[in-house]
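One-letter residues, chain by chain:
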Amino acid sequence: EQSLHQIASDAWMALGFPHESVQHAIAANDSERIIALLLREGWLFYQQGQLRILQQCLDALTPEQIANNAELTLLQAWTAQSQFDATRVESYLQAAEQVLPERLSAEQWQVTQAEFDALRSQVAINQGRIDDAKCFAQQALAQLPEDKHRARIKALTILGETGFCHGQLTEAKSRMEEAEQLARN
């Protein structure tokens, strides 16, 4: 039965149906296949609001498998954030922070920390911690390379929001326009 689900997973993926593919990978209890599919399609699932299937995939993996991979950690933490579960967000990030520095190069770890800071800025703004949100967003932007659009857009919009909260409307507008321009590219 497992091999049939694996074949079905591959067939659905070849036909361009990642949602069906991942369902069969889950049914096969094939964590390697689930990880590969999440790394390929996870952000698309997130952007399309397919949080149920994303959560099913993440639930099929061990906490160690997730914590050992920055992208999986980010997917899991952003999914928890979308449910306004700040406690889980932080626990996921902390679990990854225990293992990733040893697994990544210094440069990769710096970028990962910046992506974590962008997420923490969103959590902080959700909780009304405006100054913390601004600090995390600034730290993220200072470390994020230009090609990390998702995290840069998030950090810029948080800086826009914090600017509005502090009455710095010109700065806020500038940051929001910068985020919009990046999102359009």
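Look up: the structure comes first, before these words.
Note that the coordinates shown come from a computational prediction; the quantities given were computed from them, not determined experimentally.

Chemist: How do you make sense of the nonpolar core when you look at a structure like this?
Modeler: One broad rule of soluble globular proteins: the nonpolar side chains tend to lie buried together. In terms of nonpolar packing, the biggest core is built from 31 residues, with Leu38, Leu61, Leu72, Val89, Phe116 and Leu119 touching the most fellow members. No other element matches helix α6 (residues 70-82), which puts 7 residues into this core. When near neighbours in sequence (up to four residues on either side) are disregarded, Leu72 contacts Ile35, Leu38, Leu39, Leu58, Leu61, Gln65 and Ile66.

Chemist: Just to check I follow, could you spell out the side chain of Ser121 for this structure?
Modeler: Tracing the backbone shows Ser121 in helix α8 (residues 106-126). Setting aside residues no more than four positions away along its own chain, Ser121 makes contact with Ala133, Phe136, Ala137 and Ile158.

Chemist: Whenever I open this one, the packing of aromatic side chains confuses me. Can you help?
Modeler: For any pair of aromatic rings, the description consists of the separation of the ring centres together with the inter-plane angle of the planes. Summed over all chains, the structure comprises 2 aromatic pairs. Taking 5.7 Å as the distance between ring centres and 75 degrees as the angle between the ring planes, the aromatic pair formed by Trp43 and Tyr46 counts as edge-to-face. Here Tyr46 and Trp43 lie together in helix α3 (residues 31-47), a separation of 3 residues that amounts to about one turn. A ring pair is formed by Trp109 and Phe116, whose centres lie 6.2 Å apart and whose planes are at 90 degrees; its orientation type is edge-to-face. Across the pair, exposure class does not vary: Trp109 and Phe116 are buried alike. Note that Arg150 overlies the ring of Trp43, its terminal NZ or CZ placed 3.7 Å from the centroid.

Chemist: What should I look at first to understand empty space enclosed by the protein in this one?
Modeler: Taken as a whole and judged by the stated rule, the model has 1 cavity of 30 Å³ or more. Taken as a whole, the largest cavity encloses approximately 60 Å³ of empty space. Forming the boundary of the largest cavity are Trp43, Leu74, Trp78, Glu115, Ala118, Arg150 and Ala151. Residue classes in the lining of the largest cavity are distributed as 5 nonpolar, no polar and 2 charged.

Chemist: Please clarify how the packing of helix α9 (residues 130-143) against helix α10 (residues 149-165) should be interpreted in this entry.
Modeler: Any two packed helices are characterised by the angle at which their axes cross and by the distance between the axes. Closest axis-to-axis distance for the α9/α10 pair is 9 Å, and the angle between their directions is 145 degrees. Crossing of α9 over α10 shows left-handed handedness. Within the contact between the two elements, α9 uses Ile130, Ala133, Lys134, Ala137, Gln138, Ala140 and Leu141 and α10 uses Arg152, Ala155, Leu156, Ile158, Leu159, Thr162 and Cys165. Class assignment of the residues belonging to the contact of α9 with α10 gives a composition of 10 nonpolar, 2 polar and 2 charged.

Conventions and cut-offs
- Residues numbered from 1 in each chain as written.
- Predicted model: local features only at pLDDT ≥ 70, side-chain atom pairs only at ≥ 80, totals over all residues.
- Heavy atoms only, no water.
- Core = buried A, V, L, I, M, F, W, Y, C linked by side-chain atoms within 4.5 Å.
- Buried < 20%, exposed > 50% of the residue type's maximum accessible area, 1.4 Å probe, protein only.
- Helix = DSSP H or I, 4+ residues; strand = E, 2+ residues; numbered from the N terminus.
- Contact = heavy atoms within 4.5 Å.
- Phe/Tyr/Trp six-rings, centres within 6.5 Å; stacked < 30°, edge-to-face > 60°.
- Lys NZ or Arg CZ within 6 Å of the ring centre and 35° of its normal.
- 1 Å grid on protein atoms, 1.4 Å probe; cavity = no way out; pocket = protein on both sides within 12 Å on 5 of 7 lines; lining within 4 Å.
- Points joined across faces, edges and corners; volume = space filled by probe spheres on them.
- Nonpolar A, V, L, I, M, F, W, Y, C, P; charged D, E, K, R; others polar.
- Axes fitted to C-alpha atoms, helices over the stretch in contact; angles between N-to-C directions.
- Left-handed = near helix turned anticlockwise from the far one by under 90°.

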